[in-house]
Amino acid sequence: MGRFRLNFMNYPCAPHSCSDCAQCGHKLLSGASQAATELWNSAKKTRIIPRGSVLFREGEVSQGIYCTYSGLLKLHRTSLDGEVQIVRLVHGLEVVGHRSLLTGEALTATATAVRDCRLCFVDAATVQYCLQLDAGLSLNLARLLARDLGHSESQLFNLSQLDTRARISRLLLELRQRNGYAVELTRAEMSQMVGASPESVSRTLQALARLGAVRLIRRQVALENLALLEQFASLPK
């Protein structure tokens with residue numbers, strides 16, 4: 001499926017407003033002033049995009065910030081030799097495109113919908129004005145950038161220090177914390193996140209299933225024994 005951003009038209013999102021997301025704990029809008037939230041709400045354009053659609057591509061110039069309401073996006077990069085790596089999964093009540101907007105650099109990843117997504121777009125001029133208007137909003141954005149940096153550092157550690165079983169166990173636990181007990185990623189997508197081949201991921205999942213840690217249901221992976229997964233993940237006590 002193709003990109004839709006050039007046709008990013010207003011889509012009715014009632015009864016949901018930015019203040020609703022803020023009250024639900026949106027990582028950017030929580031604690032924002034009423035003035036900034038109302039301005040953000042009036043400027044946003046909302047759209048539902050189907051699974052497989054590309055929101056933006058690596059190398060493009062950021063035009064604003066995307067706030068997710070529901071669904072799942074994957075941010076992925078392609079190396080010079082054509083290898084794809086998923087650098088982050090974006091769930092509901094998060095933001096994408098913020099780092100490139102603030103730095104003025106090209107987008108460093110492509111965003112593709114893993115599941116149908118409802119999200120909003122706020123243009124760069126509105127974002128900059130709201131940041132000047134509300135120091136709390138600026139602080140929230142700084143926290144998001146710090147969190148992203150921490151995620152990158154953790155991912156580098158996982159790839160360099162942990163074996164495949166530990167990496168997959170950590171990924172399953174991370175996805176469970178965000179999205180219940182069932183994981184809905186293809187083996188290829190999981191391999192792109194943990195830096196292992198799809199065949200290695202499949203063998204590891206089958207081994208985890210035999211040990212009773214997970215249950216494989218077609219494309220889904222159901223987490224059966226969280227304590228065992230935490231043991232395999234080598235999580236600090």
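Residues numbered from 1 in each chain as written. Predicted model: local features only at pLDDT ≥ 70, side-chain atom pairs only at ≥ 80, totals over all residues. Heavy atoms only, no water.

Caption draft 1: Just the packing of helix α7 (residues 187-194) against helix α8 (residues 198-210), in detail. Between α7 and α8, the shortest axis-to-axis distance is 8 Å and the interhelical angle comes to 100°. By the criterion of interaxial angle, the relationship of α7 to α8 is roughly perpendicular. From α7, R187, A188, M190, S191 and V194 reach across to α8, where they touch P198, V201, S202 and L205. Considered class by class, the residues forming the contact of α7 with α8 number six nonpolar, two polar and one charged. (Axes fitted to C-alpha atoms, helices over the stretch in contact; angles between N-to-C directions. Helix = DSSP H or I, 4+ residues; strand = E, 2+ residues; numbered from the N terminus. Parallel < 35°, antiparallel > 145°, perpendicular 65-115°, else oblique. Contact = heavy atoms within 4.5 Å. Nonpolar A, V, L, I, M, F, W, Y, C, P; charged D, E, K, R; others polar.)

Caption draft 2: Region of interest: the pairing of strand β6 (residues 110-123). Counting buried residues in β6 gives ten out of 14 residues, a clear majority hidden from the surface. Pairing geometry for strand β1 (residues 45-49) and β6, over five bridges, is antiparallel. Bridging across to β6, R47 finds its partner in L119. Pairing of strand β3 (residues 64-78) with β6 involves eleven bridges; the strand directions are antiparallel. Note that in β6 the partner of S70 across the bridge is R118. (Buried < 20%, exposed > 50% of the residue type's maximum accessible area, 1.4 Å probe, protein only. Pairing = 2+ DSSP bridges.)

Caption draft 3: Representation of the nonpolar core in the model. Residues I168, L172, L185, M190, L205, L208 and L229 are the most contacted members of the largest nonpolar core, which totals 26 residues. Listed by contribution, the elements that provide at least two residues to this core are β4 (84-90), α6 (164-179), α7, α8, β9 (220-223) and α9 (226-232). For this core, the element with the highest residue contribution is α6, accounting for five residues. Among all residues touching L185, those that are not within four sequence positions of it are L72, L89, V114, L175, M190, M193 and R219. Among the nonpolar cores identified, the runner-up in size contains 17 residues, and L29, I65, V95 and V122 belong to it. (Core = buried A, V, L, I, M, F, W, Y, C linked by side-chain atoms within 4.5 Å.)

Function cannot be inferred from these measures alone, as they are strictly geometric.
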